[in-house]
Amino acid sequence: MHSETFEGNQQRRIVWLLMILGVVGMYIFAHLVFWQLFARSESMPVFTSNGTTLPATRGTIYDATGHPLALADVHYEVDVTPRLLSSGQIDRLVPELARIFDTSEEELYQVITNTNTTNFYVLGRELPSQVKQELDTLGEELMSDPDPTERFTLDAFVVQAEPIRSYPEGNLAASVLGIINKEGIKTGLELRYDEQIGGQDGQRSSLSGQLLSEEGGYQPVQDGADLVLSIDRNLQAEAERLLTQVVSDSKAVRGTIIILDAETGAVKTLANAPSFDPGDWNSWSKLEPWVFNNMAVNSTYEPRATFMPLTIAAALEANVITTGTTYDDHGALLVGGQRFVNWDVAKRPAIASSTLTDTLATSRIYGTVYIGSLMGPARFYEMIRRMGFGEPTGIDLPAEQSGEMPLPGASDWSLAYLGMNSIGRSLTATPMQLAAAWGVLANGGLLMRPYVVAEQRGDQVVTTEPYRVRRVISAENAAAVTSMLVEAVNSSAMGPIVPGYQFAGISSLTGTPGADNLPRGTLTSSYIGYGPLPDKRYVILVMIDQPQPVYFGTDVAQPVFRQMATYMVNYLGIAPSADAFEAN
C-alpha cells in the first residue's frame, strides 16, 4: 500500500517537472525568436517609441502665385526619466546634454539628480530639428563605444514630435490662414479645410519603431492635401501695408480691405488690421480675442450710403423707376411715421428735378427713401434678399455671419424699416456680403459665391469652379447703375479715382444718427467701388472702424481705395482707358 502511494507521488512529480520544463522551454524559445527577429541593431533608432502613431504631414498653403504661406514643420519635446540612468551614465551624459540644450552642466546635473525617481524631467519644449539630430548622433556614439562596458542606449529619453506650422511670409493673410496650436485649436482655413489638409495618421507596431506591415494592421500615412489660394500675396501685402498705416494714422480700432473678382467670385485680397503672428504662440496672450477674428466675414455693420446704389438697382429691376426718373427733393419726408432728412438739408432744403445720378453723387437720403417706398415692402425685401443680404455668402471660411435684416411679419417690424433699410440703416451685413452684392453691379447682374481656395492638391486635384448663385438684375440695369456711379465719381470734387481709368464707387459714414440725421457715436468710414471699366471688374472695399478725429469716408477710406486701386492696375498691368464708360 505504501509502495503504491510512493509510486503515484513519484509519477505526479515527474509530470509536474515535465510541465515546468516545457513552460520554461517555451519561454526561452519565444525570447530567442523575439531577439532574432526584432532585437535592436546598431542601424536601428536609438530612441524607443512611445506610441504607435505615425503623424501625417499637414498640407502646404500657397498663394495664387505659388508662393508658400504656411508650411508643415516639426518641433520636439525631450523628456528624461533619471531613474533609468545610473550615476555613471548621468556623469557621461551631462556635459553632452548641456551643450545640446545650451545650459550649464551644474544646473542640469542638479535638476536631473534631484528629480524624484518616479517622475520624468522635461529637458526642453518647442525644440528645433537640430536638437533631435544631435541627440540621434549622441545615441549612435554611445552605442558604438569601443569599450563594451561604456555602451548604453538612450532608452531613458523620449523625443516627442510636435507638428507645427511655419510662415515664410510672417503674418501675411494671418486671419485667412488661421491658427493651429499644440492643443489642437484651429481657426481660418486651418479649421475649414482641416479634413483635407490634415491628412490621415498611420499606425505602426514595434517597440523599436520598425514598421511591421507583414504583421497586418499596418496603416500607411496619408499626408494632407495642399491648398492653392485665390489670394495674391503681392496685392495682399500692399493692402495690409495701407491698412496698417491708416488704422494707425486715424487712431482707428480696426479695418479691412477686400478685393473680389466680380466675374468669378475669387477673393484676391482679404486684409485685416490689426493682425497677429500665427507662428508666435507666446504673443497671442497679449492680444485682444477679437484680433483673431476675420472681420470681413465674422463682423457686421450698417452699410449706410454704400447700400444706396443697390436700392436703386432693385427699383430699376422692379420697374418702379427708369433711368430717366426724376423727383422733387424736398429735403425731408415721412415713411411709417419716421422722418428722414438729407444730411445737408440746412444748406439745400429743396431741389427740383433731382436725377438718380444726383441721388448717388450726394448720397441723397430723401431720394433713396422715396425710391425704396415706391417699391413697397414685398418687392423691396424680395430684391434685397436676392442680392444676398440676410444669409451667408457661402465663402469657404468658418464662422461666417449672415447679418440681420428685419422683415415684414416680424413682431418688431414697421413701415419705418422700409425707409431705414433702403438707405442701409437698421440692417447689418458683413463686408464680404456687401462686396458680393456690389459684384452683382460689376458682373452684369449675376451674384457669384466668393471663395479663397482655388485648388486642393492631394491624390487628385480639385479645382474650385466659379459658382453662379443666381441672376439678381438684368445686365442692362447693372450697366445703368454702373454708368450713374462712374458719372458721380468723375463729377465729384476729387475727380476720377485713378487718372486714365474708370471706376464706380461711393463713400459712407456709419454711426448712430443724431437729430440732424448725421451719424453720431461709434463711426465707421468706408468706401466701395469696382473697376477699371469696362473690361476688368474688381470690387474693392475699404472699411475703417472708429477713426478719429477725421472720420468721413471721403477723408479716411477713399484715399486708401485710391492707393489700392492704383497699385492694383499697375501690378496687374491693366492698360489705361481714357475713353468715357460705355455700358455693355
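Thresholds applied
Residues numbered from 1 in each chain as written. Predicted model: local features only at pLDDT ≥ 70, side-chain atom pairs only at ≥ 80, totals over all residues. Heavy atoms only, no water. Helix = DSSP H or I, 4+ residues; strand = E, 2+ residues; numbered from the N terminus. Buried < 20%, exposed > 50% of the residue type's maximum accessible area, 1.4 Å probe, protein only. Contact = heavy atoms within 4.5 Å. Areas by Shrake-Rupley, 256 points an atom, 1.4 Å probe, with all protein chains shown as cover. Salt bridge = Lys/Arg side-chain N within 4 Å of Asp/Glu carboxyl O. Polar contact = N/O pair within 3.5 Å; in protein donor to acceptor, adjacent residues only side chain to side chain. Expected span 1.5 Å × (residues − 1). Axes fitted to C-alpha atoms, helices over the stretch in contact; angles between N-to-C directions. Parallel < 35°, antiparallel > 145°, perpendicular 65-115°, else oblique. Left-handed = near helix turned anticlockwise from the far one by under 90°. Nonpolar A, V, L, I, M, F, W, Y, C, P; charged D, E, K, R; others polar. Phe/Tyr/Trp six-rings, centres within 6.5 Å; stacked < 30°, edge-to-face > 60°. Lys NZ or Arg CZ within 6 Å of the ring centre and 35° of its normal. Bend = angle between axes of the 7 residues up to and from the residue. pLDDT = per-residue confidence, 0-100. Pairing = 2+ DSSP bridges.

Caption draft 1: Geometry of the overall build of the chain. When helices and strands are tallied, the chain shows 17 helices and 20 strands. By residue count, 48% of the 584 residues in the chain fall in the buried class. In the chain, once contacts between residues fewer than 6 apart in sequence are set aside, the share between residues at least 24 apart is 74%. Carbon and sulfur atoms make up 51% of the accessible area of the chain, which totals about 27700 Å².

Caption draft 2: Quick look at the pattern of salt bridges. In the structure shown here, the tally under the stated rule is 15 salt bridges. Ionic pairing is found between D194 and R58, a salt bridge with its closest N-O pair at 2.8 Å. Separated by 136 residues along the polypeptide, D194 in helix 7 (residues 194-198) and R58 in the loop between strand 1 (53-54) and strand 2 (61-62) bring together distant segments of the chain. Assessed through its relative accessible area of 26%, D194 is described here as partly exposed. Residue classification places R58 among the buried residues on the basis of a relative accessible area of 14%. Of the charged contacts in the structure, one is a salt bridge between R233 and E169, with a shortest N-O distance of 3.2 Å.

Caption draft 3: Broad picture of the environment of K268. As for its placement among the helices and strands, K268 is situated in strand 9 (residues 267-273). Through-space distance from the C-alpha of K268 to that of A64 is 8.4 Å; in sequence the pair is 204 residues apart. Sequence-distant contacts of K268, defined by excluding residues within four places in its chain, comprise S230, I231, D232, L235, I259, D261 and Y538. Polar contacts involving the side chain of K268 include one to the main-chain carbonyl oxygen of S230, which spans 3.4 Å.

Caption draft 4: Representation of helix 17 (residues 557-571). For helix 17, spanning 15 residues, the distance from its first C-alpha to its last is 21 Å, which sits close to the expected 21 Å at 1.5 Å a residue. Where helix 17 ends, the next residue or the one after it, G573, has phi of about 70°, a positive value.

Caption draft 5: Representation of the side chain of E162 in the model. Relative to the assigned elements, E162 resides in strand 5 (residues 157-166). Judged by its relative accessible area of 14%, E162 is buried. Those residues within four positions of E162 in sequence are excluded, and the remaining contacts are D73, V74, H75, Y76, E77 and E126.

Caption draft 6: Representation of the packing of helix 2 (residues 87-100) against helix 4 (residues 129-143). At a closest axis distance of 10 Å, the pairing of helix 2 and helix 4 adopts a crossing angle of 160°. Accordingly, the angle class assigned to the pair helix 2 and helix 4 is roughly antiparallel. For helix 2 against helix 4, the interelement crossing comes out right-handed. Between helix 2, through R92, L93, E96, L97, R99 and I100, and helix 4, the contact on the second element is made entirely by V131, E134, L135, L138 and L142. Considering only residue class, the contact of helix 2 with helix 4 consists of seven nonpolar, no polar and four charged.

Caption draft 7: The arrangement of the packing of aromatic side chains in detail. Overall, the coordinates contain eleven aromatic pairs when judged by the stated rule. Taken together, a centroid distance of 4.7 Å and an interplanar angle of 50° make the contact between F276 and F292 tilted. Separated by 16 residues along the polypeptide, F276 in the loop between strand 9 and helix 9 (281-284) and F292 in the loop between helix 9 and helix 10 (295-298) bring together distant segments of the chain. Each member of the pair F276 and F292 is classed as buried. Arranged with centres 6.1 Å apart and planes meeting at 75°, the rings of Y381 and W413 form a pair that is edge-to-face. Taken together, the residues span a long stretch of sequence, with Y381 in helix 13 (residues 365-386) and W413 in the loop between helix 13 and helix 14 (416-422) at a distance of 32 residues. For the pair Y381 and W413, one class covers both residues: buried. A network of ring pairs unites the aromatic residues F276, W284 and F292 as a single cluster. Over the aromatic face of Y193 sits the side chain of R192, whose NZ or CZ is 4.7 Å from the ring centroid. Cation over ring: R449 sits above Y467, and NZ or CZ is 4.0 Å from the ring centre.

Caption draft 8: Examining the packing of helix 11 (residues 308-317) against helix 13 more closely. Contact geometry for helix 11 and helix 13: axes closest at 9 Å, N-to-C directions at 60°. The pairing of helix 11 with helix 13 is recorded here as oblique in orientation. Remark: the crossing between helix 11 and helix 13 carries left-handed chirality. Taking contact as the criterion, the partners of M308, T311, I312, A314, A315 and E317 in helix 11 are, on helix 13, I365, T368, I371, G372, M375, F380 and M383. Considered class by class, the residues forming the contact of helix 11 with helix 13 number nine nonpolar, three polar and one charged.

Caption draft 9: Representation of helix 2. Given a rise of 1.5 Å per residue, 14 residues ought to cover 20 Å, and the 20 Å separating the end C-alpha atoms of helix 2 matches this to within 8%. Along its length, helix 2 reaches its greatest deviation from straightness, about 35°, at L93, and the proline P95 lies no more than four positions downstream. Immediately downstream of helix 2, the backbone of D102 shows phi near 55°, a positive value.

Caption draft 10: The arrangement of unusual backbone geometry in detail. The omega torsion of the bond from A273 to P274 falls at 0°, within 30 degrees of zero and hence cis. Along the chain, P274 falls in the loop between strand 9 and helix 9. P532 follows G531 through a cis peptide bond whose omega is -5°. Position of P532 among the secondary structure elements: in strand 19 (residues 519-533).

Caption draft 11: Spotlight on the confidence of the model for the chain. In the predicted model, the chain carries a mean pLDDT of 86, and the fraction of residues at 70 or more is 84%. Confidence over residues 30-51 falls short of pLDDT 50; this stretch has 36 contacts with residues more than four positions distant or in other chains.

Caption draft 12: Here's a closer look at the pairing of strand 8 (residues 254-261). Strand 8 sits mainly inside the fold: eight of its eight residues count as buried. By the alternation rule, side chains of strand 8 split into R254, T256, I258 and L260 and G255, I257, I259 and D261, which are all buried. Across eight bridges, the pairing between strand 8 and strand 20 (residues 538-545) is antiparallel. Looking at the pairing, L260 lines up with V539 of strand 20. As judged from the six bridges shared by strand 8 and strand 9, these two strands associate in the antiparallel manner.

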